[in-house]
Amino acid sequence: MNWIFVGASTIAAQYMIGAVRAQAGQDVAWVVSGSADRVAGWAERHAIPNATTDLAAALADQDASAVYISSTNEKHFAQAMAAISSGKHVLCEKPLALHQAEAIEMVVAARDAGVVFGTNHHLLCSGTHRAIRDLIASGRIGKVLSLRIHHAVHLPPNLQGWRINDAAAGGGVIPDITVHNADVARFLLGEDPQSVVAQMASSGMGEGVEDSAMSVWVMPSGAMVMSHESFTHRFAGNGLEVHGETGSIFAQNVMTQEPVGSVELVTEDGRETISCSPHSLYAQGVSDFTKATLGEGRPAADGIDGVKSLTVALAVREAARTGKRVDVDYEGVS
């Protein structure tokens with residue numbers, strides 16, 4: 001399977017090219033970007049044969065059957081719809097779009113066209129998160145009472161740009177990281193947040209957008225989720241805790257792009273270190289997506305997963321903006 005990469009991005013260079021090339025018989029045939037100079041140099045550095053600023057030209061290649069989109073957030077909708085219209089399978093970075101209605105339209109269009117549509121939520125592809133989900137599902141901690149996600153990091157200079165100063169492009173920590181936390185909570189607990197309360201702030205990096213947020217979500221089971229995300233915390237570390245009636249799970253350094261971190265289960269029997277697979281998160285995601293295009297299973301995160309994580313993030317931003325509890329509205333998401 002040949003891929004078209006839309007967006008000459010850092011994530012594509014650091015992770016996704018290798019993830020595609022790790023699959024038997026797959027490679028990147030095209031890269032598309034808005035800058036002719038940037039796309040030409042990027043393609044040369046990564047040994048990609050075709051570089052263009054014309055998305056339609058790349059989509060016209062009948063030998064390319066999949067499109068990976070990692071452009072700035074406001075471009076996702078139009079680019080995904082063009083790829084779907086050309087009959088390509090689509091793996092899109094999060095958030096899928098700036099508005100819920102656009103994200104839903106993307107998913108419906110892919111369904112109608114008979115192509116696979118996935119959201120590139122990498123965290124649920126990790127060995128640590130899959131081990132945590134298995135612990136919860138097997139009843140090792142009993143009924144879940146709460147989940148705390150600590151995803152406050154320091155955004156490096158090479159990733160700042162529009163993420164900290166361009167609201168129109170989808171900047172801000174909520175569309176960048178809260179969507180990840182929503183996806184993780186849904187993946188681990190198997191349910192969707194019902195309502196949220198939140199606060200957001202600009203704590204030293206944000207220029208017209210929030211760079212820090214905290215929120216509490218209520219789940220249908222009664223479990224509560226606390227989510228903390230930031231661009232400004234240099235030494236905070238990251239991780240999550242899941243607390244149940246008969247045990248707790250402590251996971252450190254697992255909210256990352258690398259196959260690292262540790263998971264510990266604590267029950268009345270004591271502490272147990274949980275073994276986790278060290279596989280590449282992105283290679284796993286591409287593998288799951290590829291199998292779905294062959295009719296085998298589904299992407300690690302499909303389009304509906306992407307719509308729901310976006311919907312939670314939008315509710316968090318609205319709750320922080322208004323200072324009121326906001327119900328998460330999934331109407332039209334199915």
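This structure is a prediction, so every number in the text was calculated from the model and none was measured.

**Section: the nonpolar core**
F5, F117 and L240 are the most contacted members of the largest nonpolar core, which totals 110 residues. No other element matches the 10 residues that helix α8 (residues 173–189) contributes to this core. Beyond its immediate sequence surroundings of up to four residues, F117 is in contact with A80, I84, V90, C92, L96, M106, V107, A110, F289, P299, D302 and G303.

**Some details on the pairing of strand β7 (residues 144–152)**
Both β7 and strand β11 (residues 239–244) contribute to a ladder of 6 bridges, which runs antiparallel. Looking across to β11, one finds that V144 is bridged to G244. Direction of pairing for β7 relative to strand β10 (residues 224–230): parallel, over a ladder of 7 bridges. Its bridge partner being in β10, R148 is matched across the sheet by M226.

**As for the sheet that holds strand β3 (residues 50–52)**
The strands making up a sheet associate through hydrogen bonds between their backbones, and the pairing can be parallel or antiparallel. The strand order across the open sheet built from 6 strands is β3-β2-β1-β4-β5-β6, with neighbouring strands paired in parallel fashion. Each end of this open sheet is capped by a strand with a single partner; those strands are β3 and β6 (117–119). Going from strand to strand, the sheet's axes swing by 20° on average, the running direction of each strand aside. By the bridge criterion, 4 bridges tie strand β4 (residues 64–69) to strand β5 (residues 89–92) in an arrangement that is parallel. When the sheet's bridge partners are listed, Y68 is paired in β5 with L91.

**Quick notes on helix α10 (residues 303–322)**
The first and last C-alpha atoms of α10 sit 29 Å apart over 20 residues, in line with the 28 Å expected at 1.5 Å per residue. The buried fraction of α10 amounts to 15 of the 20 residues, a majority that puts the element mostly inside the structure. Near the N-terminus of α10, the side chain that reaches the backbone nitrogen of I304, with its oxygen 3.1 Å away, is that of D302. Downstream of α10 by a residue or two, G323 has a phi angle that is positive, lying close to 75°.

**Some words on the pairing of strand β12 (residues 247–252)**
Note that β11 and β12 share 5 bridges and pair antiparallel. Along β12, the bridge assignment pairs L240 with A251. Hairpin connection, β11 to β12: the antiparallel pair is bridged by 2 residues. Relative to strand β13 (residues 262–267), β12 runs antiparallel, the two being bridged by 6 bridges. Directly across from S248, in β13, lies its bridge partner V266.

**Brief notes about the sheet that holds strand β9 (residues 212–218)**
Strand order in the open sheet made by the 9 strands is β14-β13-β12-β11-β7-β10-β9-β8-β15, with mixed pairing throughout. Looking along the sheet, the strands with just one partner apiece sit at the ends: β14 (270–273) and β15 (326–327). Looking at chain direction, strand β8 (residues 195–201) and β15 are connected through 2 bridges and run antiparallel. Counterpart to S195 in the pairing with β15 is D327. Its contacts with the sheet put α10 on β8, β9 and β15, and the angle it makes with β8 is roughly 65°.

**Details of the packing of aromatic side chains**
With the rule as written, the count across this model stands at 4 aromatic pairs. Between Y15 and Y282 the ring centres are 4.8 Å apart and the planes differ by 25°, which places this aromatic pair in the stacked class. Of this pair, Y15 sits in helix α1 (residues 10–21) while Y282 sits in helix α9 (residues 281–293), and the two are 267 residues apart along the sequence. Classification of Y15 by relative accessible area gives buried; the value is 16%. Here Y282 falls in the buried class, since its relative accessible area comes to 2%.

**Section: the pattern of salt bridges**
Applying the stated criterion across every chain, the model contains 15 salt bridges. With a closest N to O distance of 2.9 Å, R140 and E272 form a salt bridge. Linking R140 in the loop between α6 (127–137) and β7 with E272 in strand β14, this pair joins segments that are 132 residues apart in sequence. D192 is paired through a salt bridge with K308; the nearest N and O atoms lie 2.8 Å apart. Of this pair, D192 sits in the loop between α8 and β8 while K308 sits in helix α10, and the two are 116 residues apart along the sequence. Summarising the burial analysis for this pair, D192 and K308 share the class buried. Here the salt bridges share partners, and the residues they tie into one network are R186, D192, R298, D302, D305 and K308.

So, how was this worked out
- Residues numbered from 1 in each chain as written.
- Predicted model: local features only at pLDDT ≥ 70, side-chain atom pairs only at ≥ 80, totals over all residues.
- Heavy atoms only, no water.
- Core = buried A, V, L, I, M, F, W, Y, C linked by side-chain atoms within 4.5 Å.
- Buried < 20%, exposed > 50% of the residue type's maximum accessible area, 1.4 Å probe, protein only.
- Helix = DSSP H or I, 4+ residues; strand = E, 2+ residues; numbered from the N terminus.
- Contact = heavy atoms within 4.5 Å.
- Pairing = 2+ DSSP bridges.
- Axes fitted to C-alpha atoms, helices over the stretch in contact; angles between N-to-C directions.
- Expected span 1.5 Å × (residues − 1).
- Polar contact = N/O pair within 3.5 Å; in protein donor to acceptor, adjacent residues only side chain to side chain.
- Phe/Tyr/Trp six-rings, centres within 6.5 Å; stacked < 30°, edge-to-face > 60°.
- Salt bridge = Lys/Arg side-chain N within 4 Å of Asp/Glu carboxyl O.

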